[in-house]
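Chain by chain, the residues:
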Amino acid sequence: MDRREFIRTLATGGYAIGVAQFLGVDDFLSAGDGEVPVVTALVREDPDDPWSLTERTRYVPAEWYAAVKKAFELNELLAQVAFTGYLGSAVVPGSYENGTAAVSVGISRDWVSLREFIERLIAGFPVDIETIFEGDDFDDEGIDDLDDLEGGADSFEPRLVEQAHNGYAPSGVACETATSLATLGPALYHPETEQSLFVTANHAFKSASEDETHLTLPVEGDDPVAIGTLSATHPVLDLATVEPTGELEPTSLIDSPSPFRVRGQYTRFGLADLMARGERLEKVGAMTGHTTGAIQGIDAVTCFTEAFCRRGQIRWGGEMDLTDGDSGSVSFHEDPDGADGDVLIAGFNNARTWWPGQSYVWGVGAYKMTERHGYHF
């Protein structure tokens, strides 16, 4: 491996590039008994400047880092092989004290040969294989409509803004397309145009015609306010961006009795660090409001809902933490180095489990949105 490839590998894996420049390859890779630095988050130096992002690093046990990195690699291998019966998988980092990680795999058929194949494929690495569907309970082509995955919204009333004011529209409240109600996410930033965009779930626009691309903000006791027009759709991420066209602009504030301010986002290893330390995620949805829950898996692959698989997913909380209308909300965690109420985004929530034996919210990690399209919070 030449120096350029080595540095690129470190950057992808989460190492701070600057450290690699001062250590030789052999020295860096043999640091098994010590600690290594990983980039855990992209954080704004200036809270009001979304373009002032800097890397935040944390030293973690080298043994734990090696186990998690290997789990990421094996999880990707499972997704690439995509054998018959594979419904998805996730990385489950262990604690720092244990220095371990595992891969959780969901299958549709409980065949001995299938289990043996998975175990051979990952060469003795810790794995948890779970049969989710059996026989005719699952169609290998998936379920085409995310709207079919959520339910129970009839028992909730949507959270509406009390008034549209101050020139911005906060996130965590209801927004409407021509056919659906969803949750408005925090401002999403486009790196090439340096544009601030509204964001919500792509499937909120799925039933609309081509000319029904407007997004509105329902207001308590008043007429809805038009806030923007659909600018880009990303079906694989279930993400839709909306260009502001009215008097209201996107903001990095999440509506709550004590509002949250977005200061940046977690990396893949930042999520692994949270899970290793037993930290919980939060979200504010238009229907279920503010909830918290434990992280169950990261860098997950979800193949339940379409003919394709969704990658870079986070599994957290329980099935009651999300319902119809909550799609478009974000999961987040407090910024330990920020002011009171400052948070870092973990992921963008899409749906919840509907299959037996499992209970979590799933959605794409913010790092995957950046990796694929450059967007950041």
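Preceding this paragraph is the structure being described.
Below: a short report on this structure. These figures come from a predicted structure and were not determined experimentally. (Residues numbered from 1 in each chain as written. Predicted model: local features only at pLDDT ≥ 70, side-chain atom pairs only at ≥ 80, totals over all residues. Heavy atoms only, no water.)

1. A few points about the overall build of the protein chain
(1) Moving on: A tally of helices and strands in the protein chain yields 7 helices and 21 strands.
(2) Moving on: Expressed as a percentage of contacts within the protein chain between residues at least 6 apart in sequence, the contacts between residues at least 24 apart total 64%.
(3) Moving on: Carbon and sulfur atoms provide 46% of the accessible area of the protein chain, an area that totals close to 16400 Å². (Helix = DSSP H or I, 4+ residues; strand = E, 2+ residues; numbered from the N terminus. Contact = heavy atoms within 4.5 Å. Areas by Shrake-Rupley, 256 points an atom, 1.4 Å probe, with all protein chains shown as cover.)

2. Here's the deal with helix H4 (residues 62-81)
(1) Moving on: Under the 1.5 Å per step criterion, the end-to-end length of H4 is 29 Å for 20 residues, consistent within 8% with the ideal 28 Å.
(2) Moving on: Those residues of H4 not exposed but buried are Ala62, Trp64, Tyr65, Ala67, Val68, Ala71, Phe72, Leu74, Asn75, Leu78 and Ala79.
(3) Moving on: Downstream of H4 by a residue or two, alanine 82 has a phi angle that is positive, lying close to 45°. (Expected span 1.5 Å × (residues − 1). Buried < 20%, exposed > 50% of the residue type's maximum accessible area, 1.4 Å probe, protein only.)

3. Points about the nonpolar core
(1) Moving on: Membership of the largest hydrophobic core comes to 47 residues, with the highest contact counts inside it found for Trp64, Leu78, Tyr86, Ile118, Phe269, Leu271 and Ile298.
(2) Moving on: At 10 residues, the largest contribution of residues to this core is made by H4.
(3) Moving on: The contact partners of isoleucine 118, leaving out residues within four places of it in the chain, are Leu78, Phe83, Val105, Ile107, Val127 and Ile129.
(4) Moving on: Judged by nonpolar contacts, the second largest core, of 19 residues, contains Leu237, Val284, Ala366 and Phe377. (Core = buried A, V, L, I, M, F, W, Y, C linked by side-chain atoms within 4.5 Å.)

4. Quick notes on unusual backbone geometry
(1) Moving on: We note that alanine 82 has phi near 45°; this positive angle belongs to a residue other than glycine.
(2) Moving on: Within the secondary structure, alanine 82 sits in the loop between H4 and strand E3 (86-93).
(3) Moving on: Look at alanine 82 and you get partly exposed, because its relative accessible area is 43%.

Note that all results are geometric; they support no functional claim without further evidence.
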